[in-house]
Amino acid sequence: MEEVEYKFYTFLNPTQVELKSAFIKWLLSEYNVSTGSQIVDMGCGPGSMLVALNGLGYKVTGYEPYQPFFEAAKQLENTDIEITKGGFLDIKGVDTYGAIMAINGPFSYLQSINERKMAIELSYNALDHGGVLFLDNPNFPWILKHYREPLETKFHIDGIEAIRKPVHKIDFHQCTWIHTDHFSFVKEGDAHEISTEHHLAMIQLPEIYSHLNAIGFKNIKTFNSYESRIDEPINSSRMMIAAQK
Ligand SMILES: C[S@@+](CC[C@H](N)C(=O)[O-])C[C@H]1O[C@@H](n2cnc3c(N)ncnc32)[C@H](O)[C@@H]1O
């Protein structure tokens, strides 16, 4: 079933690879991160951005803690792309990377303030001088103000006919957003059901600023989308933040 899960993920979350790599190319050149350096795709998922990041001229290390996604990403390994099992709290190296990029929410999987503080400290240590940390997270205050119930969808992929029923819940005590996807699908004539659950910390931007400033990051910039090319106040469903060591 794990192969099915990553197929569903890839199909339902089109990565917009070109849009994102154009932004990343621009961002890293703004911060003078030279091509040829080693960068991290933190929480790379099944690896949708690895080849594109390598195509920008960087050597890429993908970190991914979730076994089915790790296995999918591992298949993309070559001399310029390596994959490590783990996440933010497993990052190794001192003064090593030109950039650490967390695209589409990996930082929100860190559940406590202490874990997030530690993740930012470990990232700071692992970055080379002048290196850039980039965090792209959902902006929950905006999402709550504009909330709409998620819709059920039917889709077909590789001969599999599937229905996805997403459900959102909020744990007000832990301050987490719980996104559950229930999938019912028919594969080779047999009916199956699987559920996946994502617990996302409802992080607010001032907390991230506080960790970045405390460890010594500078040149902090914020963006609302991958179309942006200017440092701007956050006012959308995403909060994207970049900072330099
Ligand atoms: C929404 S996916 C984004 C995947 C990929 N970056 C993309 O753009 O398609 C979030 C990813 O973060 C990973 N993740 C979960 N916990 C993490 C952690 N502690 N550190 C880094 N990544 C984590 C998940 O396994 C998942 O692959």
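Since the structure is predicted, the reported quantities are computational estimates derived from the model, not experimental observations.

A. Region of the structure containing helix α2 (residues 17-30). Between the first and last C-alpha of α2 there are 20 Å, a value that for 14 residues agrees with the 20 Å anticipated at 1.5 Å per step. Contacts from the buried residues of α2 go to α3 (50-55), β4 (97-102), β5 (127-138) and β11 (238-244). Where α2 terminates, the next one or two residues include N32, which has phi positive at roughly 60 degrees.

B. The arrangement of the pairing of β11 in detail. Within β11, six of the seven residues are buried, which leaves it mostly tucked inside the rest of the structure. In this structure, β5 lies alongside β11, joined through seven bridges in antiparallel fashion. From the neighbouring strand, V132 faces β11, where its bridge partner is Q244. Sheet topology note: the strand β10 (residues 218-223)/β11 ladder contains four bridges and is antiparallel.

C. Inspection of the sheet that holds strand β9 (residues 190-201) at higher detail. Strand order across the open sheet formed by four strands is β6-β7-β8-β9, with antiparallel pairing between neighbours. The outermost strands of the open sheet, each flanked by one partner alone, are β6 (153-157) and β9. With direction set aside, neighbouring strand axes in the sheet form an average angle of 25 degrees. When β6 meets strand β7 (residues 160-171), the two strands line up antiparallel, connected through five bridges. Across the sheet, residue T153 finds its bridge partner in β7, namely R164.

D. Structural view of the domain arrangement of the chain. Each domain of the chain was delimited in the assignment, giving domain 1 (2-139 + 204-244) and domain 2 (142-201). For domain 1 versus domain 2, the separation of C-alpha centres amounts to 24 Å. Contacts between the two partners involve 15 residues from domain 1, matched on the other side by 15 residues from domain 2. Examining the composition of the side of domain 1 that touches domain 2, we find that six residues originate from one element, helix α1 (residues 2-12), more than from any other. Here the residues of the side of domain 1 that touches domain 2 sort into seven nonpolar, six polar and two charged.

E. Just the environment of N224, in detail. Relative to the helices and strands, N224 resides in the loop between β10 and β11. By C-beta crowding, N224 is classed as partly exposed, having 18 other C-beta atoms within 10 Å. N224 sits 85 residues away from N139 along the chain, and the two C-alpha atoms are 9.6 Å apart. Setting aside residues up to four positions removed in sequence, N224 forms contacts with E232, I234, N235, S236 and R238.

F. Layout of the sheet that holds strand β3 (residues 81-85). Taken in spatial order, the seven strands line up as β3-β2-β1-β4-β5-β11-β10 in an open sheet, and their pairing is mixed. With partners counted over all chains shown, the strands left at the sheet margins are β3 and β10, one partner each. The average angle at which neighbouring strand axes cross in this sheet is 15 degrees, direction not considered.

G. Quick peek at the environment of G98. Position of G98 relative to the elements: it lies in strand β4. Judged by C-beta crowding, with 22 C-beta atoms within 10 Å, G98 ranks as buried. The sequence separation of G98 and V132 amounts to 34 residues, and the corresponding C-alpha distance is 6.4 Å. Beyond its immediate stretch of four places on either side in the chain, G98 contacts V33, S34, S37, Q38, I39, Y58, D128 and G131.

Reading the values: rules and limits
Residues numbered from 1 in each chain as written. Predicted model: local features only at pLDDT ≥ 70, side-chain atom pairs only at ≥ 80, totals over all residues. Helix = DSSP H or I, 4+ residues; strand = E, 2+ residues; numbered from the N terminus. Expected span 1.5 Å × (residues − 1). Contact = placed C-beta atoms within 7 Å. Buried ≥ 20, exposed ≤ 12 C-beta atoms within 10 Å, placed from the backbone. Pairing = 2+ DSSP bridges. Axes fitted to C-alpha atoms, helices over the stretch in contact; angles between N-to-C directions. Domains from an automatic or database assignment. Nonpolar A, V, L, I, M, F, W, Y, C, P; charged D, E, K, R; others polar.

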